[in-house]
Amino acid sequence: MSAAGLPPAGGLFAALRSVLNPLPLTPDSAALAVPAAAREVRNAAGRRIAFVAPPLDDLDYETRIWLTGEVATRPDNWHDFFNALVWLAFPLTKAALNARHVELLRQQAGPRCRERDALTHFDECGVVVVSCNPELLELVRGFQWRRLFWERRSELSRELRCLVFGHATYEQLLRPFRGLTAKAVLHQVSPAWLEQPLATQLADVDRRLAAEFSAGHHQAARGWQPLPLLGLPGVTPASEHAAYYDDEWQFRPGRRRCPV
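Below: a short report on this structure. Every value quoted in this text rests on a predicted model; they were computed, and no experiment measured them.

## Thoughts on the environment of K94
And then number 1: Relative to the elements of secondary structure, K94 occurs in helix 5 (residues 91–107).
And then number 2: By relative accessible area, K94 is classed as buried at 4%.
And then number 3: Separated by 23 residues in sequence, K94 and V71 have C-alpha atoms that sit 11 Å apart.
And then number 4: If we skip the residues at most four places from it in the chain, K94 touches N83, V86, W87, D123, F165 and H167.
And then number 5: Within the structure, K94 has its side chain in polar contact with the side chain of D123 (distance 2.7 Å).

So this is what it looks like as structure tokens:
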């Protein structure tokens, strides 16, 4: 998919645009070899990442990445294609997630543990919300969706960014649906941070996330902050009307707080 072919979606594809520019308008797994070679992405063991057709053996997905650098990628599959693009856009974080999965597998074989569930939730549906305005982050934590998305609407473009990480969320954003919700981690930054080029912001977020996952943070899926993506301005035309935010099925009140 080329960047020109992406849906607007309120700028939520921004993190992938530089990766997508040389690629075709289809989930072409073979085309991934060029940007992967140019970026020299490696896992935490130093092995170079390659996107390959799923091998016919019993080696599990995460262990294969760790031992060989091979990421099983089904041909003509949007889900796996976006997973590969996230490897290219957030290489340190993807490597840290893989390393943590493998370490947890070594500690406990069998059913997936609670921390691995949390890692998978973010890998599939994660988003990073950064803002220089602590009041906006507090509205996210407090599930104050109407106040955030409508009453403070004019501040969002200047003082808040949503950088999508989850590859399943990217796939869903091709056809956004009512109730589409991401799992967010919140970071407060300085006003100067938001004035940096997008590539610099992405690199910083990648370093932050990788450090958090490597340190064993985010061990429970309930720790993620839900974020209804269709509330963000520009994701759907319906959000241009105040009454849209009266939909409590989509914009649900919260029951807990999420730390930065």
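## Let's talk about the sheet that holds strand 6 (residues 225–228)
And then number 1: The four strands are arranged 4-3-5-6 in an open sheet whose pairing can be described as mixed. The open sheet is flanked by strand 4 (160–164) and strand 6, the only strands paired with a single partner. Across this sheet, the average inter-strand angle for adjacent strands is 40°, counted without regard to direction.
And then number 2: Bridge analysis of strand 3 (residues 126–131) against strand 4 gives five bridges, and the strand direction is antiparallel. Within strand 4, the residue paired with S131 across the bridge is L160.

## Observations regarding the pattern of salt bridges
And then number 1: Tallying each qualifying case throughout the model produces 14 salt bridges.
And then number 2: Residue R106 is joined to E103 by a salt bridge in which the shortest nitrogen-to-oxygen separation is 3.9 Å. A residue pair is termed a helical-turn pair when its members lie 3 or 4 positions apart in one helix, as R106 and E103 do in helix 5 at three residues.
And then number 3: Given the relative accessible area of 55%, R106 is considered exposed.
And then number 4: The exposure class of E103 is partly exposed, given its relative accessible area of 32%.
And then number 5: Within the structure, one salt-bridge network assembled from shared partners comprises D57, R64 and E70.

## Let's talk about the packing of helix 4 (residues 78–89) against helix 5
And then number 1: As a packed pair, helix 4 and helix 5 sit with axes 5 Å apart at the nearest point and diverge in direction by 110°. Judged by the angle between their axes, helix 4 and helix 5 are roughly perpendicular. Mapping the contact onto sequence places N83, V86, W87, L88 and A89 in helix 4 and P91, K94 and A95 in helix 5.
And then number 2: Residue classes in the contact of helix 4 with helix 5 are distributed as six nonpolar, one polar and one charged.

## So, the nonpolar core
And then number 1: Counting residues in hydrophobic clusters, the biggest one holds 76 residues, and the most contacted among them are F51, L85, F149 and L227.
And then number 2: Counting residues per element, this core draws most heavily on helix 4, at eight residues.
And then number 3: Residue contacts for L85: discarding those within four places in its chain leaves L16, V19, L20, L23 and L32.

About the thresholds
Per chain, the residues get numbers from 1 upward, laid out in the order the sequence is written. With pLDDT at 70 or above as the cut-off, local features in this predicted model cover only qualifying residues; side-chain atom pairs require 80 or more to be listed or tallied, and sums for whole chains, interfaces and linings still use all residues. For the side-chain quantities, the full set of heavy atoms in the structure was used; hydrogens and water were omitted. Elements are defined by DSSP. Helices are runs of H or I of four residues or more, strands are runs of E of two residues or more, and each kind is numbered from the N terminus. Burial here depends on accessible area, computed with a 1.4 Å probe over protein chains only, as a share of the maximum for the residue type. Under 20% is buried, over 50% is exposed, and the range in between is partly exposed. Between two residues, a contact is recorded if the distance between any of their heavy atoms is within 4.5 Å. Here a polar contact is recorded for every N or O atom pair within 3.5 Å, except that within protein the pair must consist of a potential hydrogen donor and a potential acceptor, and residues adjacent in sequence are included only if both atoms are side-chain atoms. For two strands to be treated as a pair, DSSP must find at least two bridges joining them. Each axis is a line fitted through C-alpha atoms, taken for helices only over the stretch in contact, and angles between the N-to-C directions span 0 to 180 degrees. Salt bridges, as used here, are contacts in which a Lys or Arg side-chain nitrogen is within 4 Å of a carboxyl oxygen on Asp or Glu. Roughly parallel refers to an angle under 35 degrees, roughly antiparallel to one over 145, roughly perpendicular to one between 65 and 115, and oblique to any angle outside these ranges. Three classes are used: nonpolar for Ala, Val, Leu, Ile, Met, Phe, Trp, Tyr, Cys and Pro, charged for Asp, Glu, Lys and Arg, and polar for all others, with Gly counted as polar. We call a set of buried Ala, Val, Leu, Ile, Met, Phe, Trp, Tyr and Cys residues a nonpolar core when their side-chain atoms join them within 4.5 Å.

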